[in-house]
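# Summary of the model geometry
Listed below, chain by chain, are the residues.
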Amino acid sequence: TEILARYPSIFFFQAEDGIRDAQESRGLGDVYKRQPLFTASNEDQEPTLSPETEKNLMKVLRLVLNAEVEGEYLRQRLSKRRLFSVHEAFRAIDRNEKGFITSEQFRKLLEDYGIFTSTKDIQHLMQRFDKDKDGRVSYAEFTQEMTPKTTKI
């Protein structure tokens, strides 16, 4: 709230392509417009999201929730398949049989199925699976992520 008292509106820059930066433009010749992220008239008031920010926040939250529901649905479908084994899936990815999966092994697996990813995509995948943040996915971590979290969706 101290920051809000000093700066009643906090702004971000938005390029025509929709990419936003809180500090400045990317310097790629995009036309940026300064838009309020939220405003507050004094310290006692809670910040109020601008209509565009609120709309975009709801879109992001909806996408995240939909992705979670879809992921859970797929985990449940896999777990019900008689021929699917989490252990065998782990072994198929851990081709060098070291007992863990690396980001490179994820990338290679996806490429083998025609899915070409960016480094950032692989980093996000690793963040999802690598619970202890040691740079590799153990069998326990893989199992935890692949096991359904609910009984029914």
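This structure is a prediction, so every number in the text was calculated from the model and none was measured.

Reading guide: rules and limits
Residues numbered from 1 in each chain as written. Predicted model: local features only at pLDDT ≥ 70, side-chain atom pairs only at ≥ 80, totals over all residues. Heavy atoms only, no water. Helix = DSSP H or I, 4+ residues; strand = E, 2+ residues; numbered from the N terminus. Buried < 20%, exposed > 50% of the residue type's maximum accessible area, 1.4 Å probe, protein only. Areas by Shrake-Rupley, 256 points an atom, 1.4 Å probe, with all protein chains shown as cover. Patch = residues over 30% accessible without salt bridge, like charges linked within 9 Å, V, L, I, M, F, W, Y side chains within 5 Å. Salt bridge = Lys/Arg side-chain N within 4 Å of Asp/Glu carboxyl O. Arc of directions from axis to C-beta. pLDDT = per-residue confidence, 0-100. Contact = heavy atoms within 4.5 Å. Axes fitted to C-alpha atoms, helices over the stretch in contact; angles between N-to-C directions. Parallel < 35°, antiparallel > 145°, perpendicular 65-115°, else oblique. Left-handed = near helix turned anticlockwise from the far one by under 90°. Nonpolar A, V, L, I, M, F, W, Y, C, P; charged D, E, K, R; others polar. Core = buried A, V, L, I, M, F, W, Y, C linked by side-chain atoms within 4.5 Å.

Within the chain, the regular secondary structure consists of six helices and six strands. When its helices and strands are written in sequence order, the chain yields α-β-β-β-β-α-α-β-α-α-β-α. For the chain, buried positions account for 21% of its 153 residues. Approximately 11400 Å² of the chain is accessible, and the part contributed by carbon and sulfur atoms is 55%.

What follows covers a nonpolar patch on the surface. Where nonpolar side chains cluster on the molecular surface, the patch consists of L49, L57, M58 and L61 and spans about 310 Å² of accessible area. No other element matches helix α2 (residues 51-80), which puts three residues into the nonpolar patch. Mapped onto the elements, L57 comes out in helix α2.

Before going further, it helps to examine helix α6 (residues 139-146). Among the residues of α6, those classed as buried are E141, F142, E145 and M146. Along the long axis of α6, the arc covered by the buried residues comes to 125°, so they all point the same way.

One non-glycine residue, E97, adopts positive backbone phi at about 55°. Structurally, E97 can be placed in the loop between α3 (86-93) and β5 (100-101). Positioned with a positive phi, K133 is a non-glycine residue whose angle comes to about 55°. Residue position: K133 is located in the loop between α5 (119-129) and β6 (137-138). Exposure remark for K133: the relative accessible area of 57% places this residue in the exposed category.

Our focus in this paragraph is the confidence of the model for the chain. Mean pLDDT for the chain: 80, with 69% of residues reaching 70 or above. Note that residues 1-13 has pLDDT below 50 and, in this model, 39 contacts with residues that lie over four places away or in other chains. Note that residues 25-32 has pLDDT below 50 and, in this model, 14 contacts with residues that lie over four places away or in other chains.

Moving on to the packing of α3 against α6. Between α3 and α6, the least distance of the axes is 10 Å, while the angle of their chain directions is 125°. Classed by the angle they form, the pair α3 and α6 counts as oblique. Judged by the sense of rotation from one axis to the other, the crossing of α3 with α6 is right-handed. Each of V86, H87, A89, F90 and I93 in α3 lies in contact with α6, whose residues at this interface are Y139, F142, T143 and M146. Of the residues in the contact of α3 with α6, the class split is seven nonpolar, two polar and no charged.

A separate point is the environment of R136. When you line up the elements, R136 lands in the loop between α5 and β6. The exposure class of R136 is partly exposed, given its relative accessible area of 38%. Between the alpha carbons of R136 and G99 there is a distance of 9.6 Å; along the sequence they are 37 residues apart. When neighbours within four sequence positions are excluded, R136 is seen to be in contact with F100, I101, M126, D130 and E141.

Among the nonpolar cores identified, the biggest contains twelve residues, and these are V86, A89, F90, I93, I101, F106, I122, M126, F129, V137, F142 and M146. Breaking this core down by element, the ones donating at least two residues are α3, α5 and α6. Ranked by the residues each element gives to this core, the list is headed by α3, at four residues. Filtering out sequence-adjacent residues up to four positions away, I101 remains in contact with F90, I93, D94, F106, M126, R136, V137 and F142.

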